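# Coordinate analysis (summary)
Residue-level listing of the chains:
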Amino acid sequence: MTAREAELTQKLAETQQALAAALRENQLLRQKVDLLVRRVFGASSEKLDAAQLQLLLLAEAPASAEPASVAPSQAPRAPRTRQPKTPRLPDNLPVVEEVIDPEPVKAQPENWRQIGQEVTEQLDYEPGRFLKRRTVRRTFVHRTEPDSAPVTAPLPPCLQERGLAAPGLLAHVLVSKYCDHLPLYRQEQIYAQRHSLNLPRQTLARWVELAADWLTPIYEQIRTGVLAGGYVQIDETPIEYLEPGYGKTKQGYLWTVCRPRQDVFFWWNTSRAATCLDVIVPADFKGTVQCDGYAAYPCFAETRGDAIVLAGCWAHVRRGFYEAREQSPKVSGWFLRQIQNLYRIESVLRDKKAGPALREAVRAHQSRPIVERIGRALVRFRTIGRFLPQSLLGQAIKFAWGQWPALQVYLGDGRVEVDNNMVENAIRPTAIGKKNWLFVGEADAGQRGAIVYTIIECCRRRGIDPYTYLRDVLSRLPHMTNHQVPEVTPEAWAKARQPIRRAA
């Protein structure tokens, strides 16, 4: 009986251990399912107001963390200057005027004298139109020398000999696809149904290739300028491309390189490996690369030695604690409050339009103590092992600690931003586009799209109408040399037009 009792006791202990493991696994799976449901059906915004944070922090802050002091940055912000009220309708719109007179005046106008008028304005629209741009080169012979050769003016340089598309049409096709996100097959349908024009998508695709080839020197000029500052933000987004001969799609990547508050360029590659960064970032680049936690970036930095400094992104750290707020509201809420204090400091600096020197000084005085407080809390939680590594909060703590050296880089460099959001904002238009056109026609077409996306995104950052820019530049490029290309980058083009706007 004693042996039987010991055997049953051992089996009971094993069963209880298995049950406890199954319950832990079930809890982790439930957390993952809940997170997936929130990502699919919940609100995409991660914004938390003060009331939500107060609910998370009803109880005391975790004992392992030091009490959060009120940051100096929580002082009332300086009032923002009110922008002047814009007119209801722009003054530069063309006016079509219609004069309506009373019927008695029409019958006997000589008996009436005008003493005033009532004006009513409405905003109207006329659909775009196609037109034939005909160039006539007349041929002449000399009157007194009839035997001399006839004279005809030479044809001005153009994008393509005997090409059908004029610069305005090419600009419209590019803007429609890469700015308004209309796939070429939809443009083909619009031209056929609304304008009775037969423009097959194969023809439109060749025009996109033609325009991208002409815009490549401008793209290279932008790329050189972005990498010349010594500080860039890099991110990548997946885009499907069609594999010829098999009718299937493969996954490629559109890499995005951004110089904050400056230009941005895109680079297409069929891979996401660290070797892609060796092609994107030139070998002579020395400076700071801000990125997310993807493992390719540390591998790339190791190959460059001390030339590359990796800066982390606090927005990605915050996202992990935000997703774990329901599992452990007090601990997650405490971390969210500390990160919120960091962002409040950055908001004040942004409102003051602080330069790198001032940002570095304020961060050293106000942000560094908060970052150190977060670091001590991370060490404490990792030491006591209170949360399972597979849990949402455990993963958030692990990710933050793995990025810890990179997360502190922005404290000592006033040029570096607190997060990687600027480069992610540059990616968003491409995400809207790929929902419409689904995939790239071929691998080579990916880089052509990257070139056009670069031009349009740089125009957007400069407040330039991309159609006006592309039409003007595509008209001028055939007359220009390579040394004149820097004159037509979006930055130079916008500066050249500023005197014109002031004069107007």
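Up top you'll find the structure we're talking about.
Everything numeric in this text was worked out from a predicted model, so none of it was measured.

## Structural notes on the overall build of the protein
- A count of helices and strands for the protein gives 17 helices and 8 strands.
- Put simply, the protein has 504 residues, and 38% of those count as buried.
- Taking all contacts inside the protein whose residues are at least 6 apart in sequence as the whole, residues at least 24 apart take part in 69%.
- Summed over its atoms, the accessible surface of the protein is roughly 31900 Å², and 53% of this surface lies on carbon and sulfur atoms.

## Here we look at the packing of aromatic side chains
- Inspection of every chain in the model, using the stated rule, returns 13 aromatic pairs.
- Ring geometry for F130 against Y191: centres 5.4 Å apart, planes inclined by 90°, an arrangement best described as edge-to-face. Taken together, the residues F130 in the loop between helix 3 (103-107) and strand 1 (139-140) and Y191 in helix 5 (residues 184-195) connect sequence positions 61 residues apart.
- Taking relative accessible area as the criterion, F130 reaches 30% and is therefore assigned partly exposed.
- Its relative accessible area of 2% is what places Y191 among the buried residues.
- For the ring pair F335 and F381, a centre distance of 6.0 Å and an interplane angle of 50° mean the geometry is tilted. Highlighted residues: F335 in helix 10 (residues 329-351) and F381 in helix 11 (residues 356-384), separated in sequence by 46 residues. In this structure, F335 and F381 share a single accessibility class: buried.
- Following the ring pairs from residue to residue traces out a cluster consisting of F321, W334, F335 and F381.
- Here the guanidinium or amino end of R272 rests over the ring plane of Y294, the centre of that ring lying 3.7 Å away.

## Points about the pattern of salt bridges
- In total, this model carries 16 salt bridges according to the counting rule given.
- Put simply, R304 and D278 hold a salt bridge, and the shortest N to O gap is 3.7 Å. Residue R304 is located in helix 8 (residues 296-304), and its partner D278 is located in helix 7 (residues 275-280); the two are separated by 26 residues in the primary sequence.
- Looking at R304, the relative accessible area reads 17%, which means it is buried.
- Accessibility expressed as a relative area gives 36% for D278, which makes it partly exposed.

## Re the packing of helix 4 (residues 167-178) against helix 15 (residues 443-461)
- It is at 10 Å that the axes of helix 4 and helix 15 come closest, and there the two elements cross at 90°. It follows that helix 4 is roughly perpendicular to helix 15 by the angle criterion. Across from L174, V175 and Y178 in helix 4, the residues of helix 15 making contact are G449, V452, Y453 and I456.
- Tallied by class, residues from the contact of helix 4 with helix 15 come to 6 nonpolar, 1 polar and no charged.

## Focus on helix 16 (residues 466-476)
- Burial in helix 16 covers these residues: P466, Y469, L470, V473 and L474. Along the long axis of helix 16, the arc covered by the buried residues comes to 115°, so they all point the same way.

Conventions we followed
Residues numbered from 1 in each chain as written. Predicted model: local features only at pLDDT ≥ 70, side-chain atom pairs only at ≥ 80, totals over all residues. Heavy atoms only, no water. Helix = DSSP H or I, 4+ residues; strand = E, 2+ residues; numbered from the N terminus. Buried < 20%, exposed > 50% of the residue type's maximum accessible area, 1.4 Å probe, protein only. Contact = heavy atoms within 4.5 Å. Areas by Shrake-Rupley, 256 points an atom, 1.4 Å probe, with all protein chains shown as cover. Phe/Tyr/Trp six-rings, centres within 6.5 Å; stacked < 30°, edge-to-face > 60°. Lys NZ or Arg CZ within 6 Å of the ring centre and 35° of its normal. Salt bridge = Lys/Arg side-chain N within 4 Å of Asp/Glu carboxyl O. Axes fitted to C-alpha atoms, helices over the stretch in contact; angles between N-to-C directions. Parallel < 35°, antiparallel > 145°, perpendicular 65-115°, else oblique. Nonpolar A, V, L, I, M, F, W, Y, C, P; charged D, E, K, R; others polar. Arc of directions from axis to C-beta.

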